[in-house]
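# Overview (structure and organization)
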Amino acid sequence: MIGIVVVSHSLELARATAALGRGLMPGLDVRVEIAAGMPGGELGTDATEVAAAIGRADDGDGVLVLTDLGSGVMSAETALDLVNPAVRGRVRVSCAPLVEGFVSAYAAAGIGRTLNTVAEEAERALEFKDTQMVR
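Summarised in this report is the structure supplied together with it.

Right, let's talk about the pairing of strand β3 (residues 63–67) for a bit. The two faces of a sheet get side chains in turn, since along a regular strand they alternate between them. Most of β3 is tucked away: five of the five residues are buried. The alternating pattern of β3 places V63, V65 and T67 and L64 and L66 on opposite faces, both of which are buried. Bridge analysis of strand β1 (residues 3–8) against β3 gives five bridges, and the strand direction is parallel. Residue pairing for β3: V5 is matched across the bridge by V65. In this sheet, strand β4 (residues 91–93) lies alongside β3 in parallel orientation, the contact comprising three bridges.

Okay, structure coming up:
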């Protein structure tokens, strides 16, 4: 099954994002790992923590990494240099919005979709939100 890593500058935000997906779809069994914040509760991201989370999330089917802000993306991309090359080949760092993307990815992963499909669902998440907007 596809694992998901939530990378955020805020541990609280990452935990809340994961809790939202789990709460909306309680019957799904998706491996979710969090790499968020810095020691002492400071805001920030750490590439070594992201790499460790990727390792924990990987069961051989692939891992989708979702990030909150630009330097989170940089930490995630740096983490790819720190993981085993075999693992790196089955990891995707997504440009999806964190919360909406996580919920969509969680649903897709939970029903056994492939890494490419899980990533596509995450990246299309804003399209679904946009169609609900009254303009």
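Core analysis: the biggest nonpolar cluster contains 22 residues, and I4, L64, L66 and F102 have the highest contact counts within it. Secondary-structure elements contributing two or more residues to this core are β1, α1 (11–24), β2 (32–36), β3, α5 (98–110) and α6 (115–123). With six residues, α5 is the single largest residue contributor to this core. Leaving out residues up to four positions away in the same chain, F102 has contacts with I4, V6, T17, A18, G21, V32, L66 and P97. Judged by nonpolar contacts, the second largest core, of 16 residues, contains A35, V50, A53 and A76.

A few words now on the packing of α5 against α6. The contact between α5 and α6 brings their axes to 7 Å, and the two run at 150 degrees. One way to sum up the angle between α5 and α6 is to call them roughly antiparallel. Handedness of the crossing formed by α5 with α6: right-handed. Two secondary-structure elements touch here, α5 through G101, S104, A105, A108 and A109 and α6 through V118, E121 and A122. When its residues are assigned to classes, the contact of α5 with α6 shows five nonpolar, two polar and one charged.

Further remarks concern the packing of α5 against helix α7 (residues 125–132). At their nearest, the axes of α5 and α7 sit 8 Å apart, and the two run at 110 degrees to each other. Comparing the axis directions of α5 and α7 gives the class roughly perpendicular. In this structure, α5 contributes E100, G101 and S104 to the contact, and α7 contributes A125, L126 and K129. Class assignment of the residues belonging to the contact of α5 with α7 gives a composition of two nonpolar, two polar and two charged.

The next point concerns a nonpolar patch on the surface. A cluster of nonpolar residues, L13, L20, L24 and V99, forms a patch on the protein surface that exposes about 310 Å² of accessible area. Looking at which element gives the most residues to the nonpolar patch, the answer is α1, with three residues.

This brings us to the environment of M25. Within the secondary structure, M25 is located in the loop between α1 and β2. Considered as a pair, M25 and V103 are 78 residues apart in the sequence and their alpha carbons are 8.9 Å apart. Discounting chain neighbours no more than four positions away, the residues touching M25 are V103, Y106 and A107.

What counts, and where the lines are drawn
Residues numbered from 1 in each chain as written. Predicted model: local features only at pLDDT ≥ 70, side-chain atom pairs only at ≥ 80, totals over all residues. Heavy atoms only, no water. Buried < 20%, exposed > 50% of the residue type's maximum accessible area, 1.4 Å probe, protein only. Helix = DSSP H or I, 4+ residues; strand = E, 2+ residues; numbered from the N terminus. Pairing = 2+ DSSP bridges. Core = buried A, V, L, I, M, F, W, Y, C linked by side-chain atoms within 4.5 Å. Contact = heavy atoms within 4.5 Å. Axes fitted to C-alpha atoms, helices over the stretch in contact; angles between N-to-C directions. Parallel < 35°, antiparallel > 145°, perpendicular 65-115°, else oblique. Left-handed = near helix turned anticlockwise from the far one by under 90°. Nonpolar A, V, L, I, M, F, W, Y, C, P; charged D, E, K, R; others polar. Patch = residues over 30% accessible without salt bridge, like charges linked within 9 Å, V, L, I, M, F, W, Y side chains within 5 Å. Areas by Shrake-Rupley, 256 points an atom, 1.4 Å probe, with all protein chains shown as cover. Salt bridge = Lys/Arg side-chain N within 4 Å of Asp/Glu carboxyl O.

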